[in-house]
Amino acid sequence: MRKLFLFELLYYWILHVLGPLIYYQIRGEYIYIYKQYCPPEYMNQAAIIISIPIIITFVLVAFMIPIGKDPIKSTIFRRVDYYFYIGCFFIILQQMRIGEYTNYDIINGTVWAYMGMFFDMGVLMLAIFITADEKVNIVMMAIFYMIATLSASSRQGALILVMALMAVLVATEKYAKQRKKILIAVLLICSLSPLGYLYATTQRGDPVGKGMELTDQIVGRCSNLEVLGDALYQKKENLWNSDVFERKYSIENQFKICVNSLVIGDVFEDDVYPNQYYRTIFQKVPEQQSRETYTSINLTLTGYLYLKYPLLISIIITVGILLMIYLIACLAKWPNYISIIILTKVTTSILDYFDWVMIVNDLVRFSLTLGAFYFIERIVKNYVPRIKKKVYISW
């Protein structure tokens with residue numbers, strides 16, 4: 001588990017911080033995709049603020065005494081990958097119900113949103129990949145996943161899929177045949193991901209660049225530096241809308257939105273996720289426009305904390321949360337694949353797509369999807385003969 005956790009920290013840091021920073025230095029200029037200009041020194045400051053807790057956590061875990069249970073040989077049962085394919089078709093149908101990408105909030109509090117909690121495709125994909133026997137067609141599943149995410153106009157579906165596949169390689173000693181399939185899937189996804197980005201961007205109605213401009217857009221979308229850098233600049237110069245930030249990111253307001261998102265209908269006054277107000281807080285977009293048009297931009301965990309607290313406190317809280325995730329995954333008594341999914345899915349969600357509403361909803365979808373998967377697996381176990389194969393988990 002330690003090896004997997006360290007891999008996830010490095011994957012996030014390189015993809016969202018170090019990689020873009022190096023690209024900007026090679027390019028000779030900083031790339032801005034959300035607004036025309038943010039002083040480069042604030043983007044450098046953002047890189048430092050994000051990097052410090054990741055490096056501290058990496059060092060602490062790397063030199064930590066190994067903890068947790070011994071490696072377990074997990075019996076694999078007959079495949080239940082059909083649940084994954086059902087999930088793919090559900091996502092496509094859900095997107096047909098939503099229509100345009102900017103109408104995404106119309107399903108909040110509806111039966112569609114509730115049903116979607118049982119089909120977290122990242123969780124399902126990891127669960128099946130980890131417990132797969134040699135009959136599961138991993139390449140075909142990767143293709144279906146990409147189709148489902150592209151139907152939802154997701155520009156980061158390929159990144160999530162590559163991370164999941166690499167996590168399987170890092171965390172499990174799969175059969176040689178399966179490892180080959182996984183590597184083929186990774187190469188296929190990486191080669192086709194620019195086309196997927198073009199399609200998703202076009203579906204969202206955003207402008208699409210060509211040549212180097214397209215590369216700049218892709219790197220800019222991966223980068224967390226502009227979003228946090230601009231927030232730091234706006235706060236420093238007192239240009240941000242602090243009133244909207246305090247109202248929308250308050251614990252009370254986020255709690256109310258969490259409750260509304262978890263039940264059919266609204267218990268409290270209807271509102272959208274706090275991240276959707278980023279453009280109002282930092283880019284002077286009218287509050288009503290941010291509410292009505294889906295334009296979510298995500299603050300990072302450390303960045304969100306730094307906007308509210310001193311840097312030292314922000315770092316301590318971030319490191320504490322990351323270590324808590326690692327310890328829970330290592331010490332819990334549940335099946336191994338659940339720990340692997342927690343370290344893969346929850347760690348990156350906490351770091352990258354941050355507000356408390358998103359985190360709570362991610363955890364609920366995670367639990368409900370795994371619960372449904374586990375229920376089906378138990379049925380298969382009791383009524384279908386076992387396949388005597390083993391997966392060895394690398395700790």
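Presented here is an overview of the structure given in this document.

Focus on the packing of aromatic side chains
In total, this model carries 11 aromatic pairs according to the counting rule given. Each ring, one from Tyr 42 and one from Tyr 233, has its centre 5.3 Å from the other, and the planes form 65°; the classification is edge-to-face. Here Tyr 42, found in helix α2 (residues 40-62), pairs with Tyr 233, found in helix α10 (residues 225-236); they are 191 residues apart in sequence, far enough to count as distant. Relative accessible area serves as the criterion here: at 11%, Tyr 42 is assigned to the buried category. One aromatic cluster is present, built from ring pairs that chain together Trp 240, Phe 245, Tyr 249, Tyr 278, Phe 282 and Tyr 304.

Let's talk about the side chain of Ser 51
As for its position among the elements, Ser 51 is in helix α2. For Ser 51, the side chain forms a polar contact with the main-chain oxygen of Ala 47, separated by 2.6 Å.

Considering helix α17 (residues 336-352)
The first and last C-alpha atoms of α17 sit 24 Å apart over 17 residues, in line with the 24 Å expected at 1.5 Å per residue. At Ile 342, α17 shows its maximal kink, close to 25°. Most of α17 sits out of view: 17 of its 17 residues are buried.

Some thoughts on the nonpolar core
In terms of nonpolar packing, the biggest core is built from 107 residues, with Phe 84, Leu 161, Leu 165, Leu 299 and Ile 341 touching the most fellow members. When residues in this core are grouped by element, the largest group, 11 residues, is from helix α1 (residues 2-27).

Definitions and cut-offs
- Residues numbered from 1 in each chain as written.
- Predicted model: local features only at pLDDT ≥ 70, side-chain atom pairs only at ≥ 80, totals over all residues.
- Heavy atoms only, no water.
- Phe/Tyr/Trp six-rings, centres within 6.5 Å; stacked < 30°, edge-to-face > 60°.
- Helix = DSSP H or I, 4+ residues; strand = E, 2+ residues; numbered from the N terminus.
- Buried < 20%, exposed > 50% of the residue type's maximum accessible area, 1.4 Å probe, protein only.
- Polar contact = N/O pair within 3.5 Å; in protein donor to acceptor, adjacent residues only side chain to side chain.
- Expected span 1.5 Å × (residues − 1).
- Bend = angle between axes of the 7 residues up to and from the residue.
- Core = buried A, V, L, I, M, F, W, Y, C linked by side-chain atoms within 4.5 Å.

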